[in-house]
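Structural overview for review
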Amino acid sequence: MSGNSFLTERRGIRGSRSAAFGLQIQACRLLTPRNLLLLSGITVCLAVSGCMQRRIASESPLWPAVVPATENAATDDEPVDEVIVPAVKLSPHVHPEQKSEAPSSFQIRGQSPQTPPVVAQETARESFLPQYPRFPMRASSPNGWVRYQSPGTPAPPAVTEPVPLAPGGDAGGVEPLGDLLLQPPGTADLDIFVEEARTGRFMFGAGVNSNAGLTGHVVIDERNFDIMRFPTSFQDFLNGTAFRGGGQGLRIEAVPGTLFERYVVNFTEPYLLWTPFSLNVSGFLFERRYEDWNERRKGARVGLGYRITHDLSVNASLRMAEVDIYNPSVDGVAELDAMIGDHDLYGGRVTLAHDTRDIPFLPTQGHMLELSFEQMFGSFDYPRGNLDYRQYFLVRERADGSNRHTLSFSTRLGVSGAQTPIFENFFAGGQSTIRGFDFRGASPVVSDVTVGGEFMLLGTVEYMFPLTADDMLKGVFFVDAGTVEEDVEINGGNFRVSPGFGIRISVPALGPAPLAFDFAFPVANAPYDDIEHFSFFFGFGR
């Protein structure tokens, strides 16, 4: 059989042409009965031999604008890995780069249920791993091209007859797929090699502001915690494998201070039982020395969340707290005397949030809308509702995205029931509510005791602009307005309006939150308000 001209010529072209193409050429040239019989036997063997693989080199025209490995070595860039895709049957009348009528889509195994899909492009060249060439990949597709998941596209047609190559691959050194078969339509197998970054942090810092006085800050934060991975030896603690690797979150925070103290332990399971639901459990101890009384709270909170879309989420939570009111500054005020001692609070809360802000600190565009309702019971029974809406507009910026001018609007509305205790009332005044007033200094007062109210309406208009080219120093013009009322009403005589200006100093070494210094000058206020023109926040963390 070694003298057969058909086999001799096939070996000569094997390195440059596929087996299927060679078979078509020889069938046209040698139509003798002996060769037709031999050709039929070879075709049957190839049809049952399994799927082979084809390797696309970086210099292939199918690869989208990739720097060759030799050029990468000269520029010290990381070389681009090659990508492996299975060989499938292509129509001889369709060009590989011709647009398809219905793009394929893949569901990536192991993909987080919260990760938004990436829309596929139309053409094979444009959609062939755009900007993601640095990992080996094996995939299957009915038309031979890899595409990312595309929402709303129909599932690709089933692949029933993949055309295999000759056993052992072609002469270019292609490795066979072995027992890897084409997956069902709409799926792909990805082999991704990653190296875990640092997930644990230990931070400490200090801060001082006009609302809470001087505080310290110590935080232990682990973002890859595993509550079920118990250590088997002391070596597990040394190499960092004990209680790690489950993708859970653990945060231990201690904030001691002169007027304010907070201690919190928080555990988060982002995908409860491998579902899109998240679980949050926390325990807390809080103590605050107000001007009229001291307050201590200890308790726990359990929350269950679900992210509907990338920006929209819903959360349901239960909180349990024991509140101790002690050391009143004034005796004989009925509202305060009735609150002295311990009180038990239990509540269920539902929150709907839509957040499109670009960054959490000093956002420049997007909005944040949060609606919540809570029903409290225990020592006191009352409902409570809140609305918080903030909108940010990007007015102008440089071509490189720096020196952004931002115009923002914010509105907060709160309503609480008639049995709300004074330690759960709404208060206003200070840097985070209405500037130009002392902390809680724009709230209802009874017999020189600030008792707060059951209704709150606050609004702010603010324009922020850069003062330096590196965005380290920014200026602010603002107008704060609003009121807090003992009953659910708006009293024009108690409505406050306070315009002002300030500066923001961003120092990366001091942490993400900028230093804030504001001057405000109230033009409308209640007769019992406590005016304070200057408010500030200063802190650092490492």
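Because the structure is a prediction, the values reported are computed rather than measured.

**Some details on the overall build of the protein**
The secondary structure content of the protein amounts to seven helices and 22 strands. By the burial criterion, 37% of the 542 residues in the protein qualify as buried. When contacts within the protein are restricted to residue pairs at least 6 apart in sequence, those whose partners lie at least 24 apart make up 60%. For the protein, the accessible surface area stands at approximately 29800 Å², while carbon and sulfur atoms represent 60% of it.

**With respect to the packing of aromatic side chains**
Using the criterion set out here, one finds 17 aromatic pairs in the structure. Taken together, a centroid distance of 5.5 Å and an interplanar angle of 20° make the contact between Phe534 and Phe536 stacked. Overall, the relative accessible area of 22% leaves Phe536 in the partly exposed class. Joined through ring pairs, the aromatic side chains of Phe501, Phe519, Phe521, Phe534 and Phe536 make up one cluster. Residue placement shows Arg435 over the ring face of Phe478; its charged tip is 3.7 Å from the ring centre.

**Topic: a nonpolar patch on the surface**
There is a patch of nonpolar side chains on the surface, built from Phe202, Phe204, Val218, Ile220, Ile252 and Val265 and spanning about 530 Å² of accessible area. Elements represented by at least two residues in the nonpolar patch include exactly β5 (200-209) and β6 (213-225). By secondary structure assignment, the location of Ile220 is in strand β6. Take Ile220: its relative accessible area is 44%, and that puts it in the partly exposed class.

**Some points on the side chain of Ser443**
Inspection of the secondary structure puts Ser443 in the loop between β15 (405-416) and β16 (445-446). At 2.9 Å, the side chain of Ser443 forms a polar contact with the backbone nitrogen of Ala428. A polar atom in the side chain of Ser443 sits 3.4 Å from the backbone oxygen of Arg440. Residues within four places of Ser443 in sequence aside, it is in contact with Phe427, Ala428, Thr450, Gly452, Arg496, Tyr528 and Asp529.

Calculation notes
- Numbering of residues starts from 1 in every chain and runs along the sequence as written.
- A pLDDT threshold of at least 70 governs which residues receive local features in this predicted model, and a stricter bar of 80 or more applies before side-chain atom pairs are shown or counted, although totals over entire chains, interfaces and linings include all residues.
- Only hydrogens and water are removed before side-chain values are computed, so all heavy atoms of the structure are retained for them.
- Put simply, DSSP marks the helices as runs of H or I at least four residues long and the strands as runs of E at least two long, and each gets a number from the N terminus on.
- Buried, partly exposed and exposed residues are distinguished by accessible area as a fraction of the type maximum, computed with a 1.4 Å probe on protein chains only: under 20%, between the cut-offs, and over 50%, respectively.
- Residues count as neighbours in contact if any of their non-hydrogen atoms are within 4.5 Å of one another.
- To measure how exposed things are, a 1.4 Å probe is used in the Shrake-Rupley method; for residues, cover is taken only from the protein chains shown.
- Working definition: rings of Phe, Tyr and Trp (its six-membered ring) pair if their centres are within 6.5 Å, and the pair is stacked with planes under 30 degrees apart, edge-to-face with planes over 60 apart, and tilted otherwise.
- Placement of a charge over a ring requires the Lys NZ or Arg CZ to be within 6 Å of the ring centre, with the centre-to-atom vector within 35 degrees of the ring normal.
- Every patch collects residues that have over 30% relative accessible area and no salt bridge, joining them within 9 Å if they carry like charges and within 5 Å if they are nonpolar side chains (Val, Leu, Ile, Met, Phe, Trp, Tyr).
- Each salt bridge in this description consists of a side-chain nitrogen of Lys or Arg and a carboxyl oxygen of Asp or Glu lying within 4 Å of one another.
- Here a polar contact is recorded for every N or O atom pair within 3.5 Å, except that within protein the pair must consist of a potential hydrogen donor and a potential acceptor, and residues adjacent in sequence are included only if both atoms are side-chain atoms.

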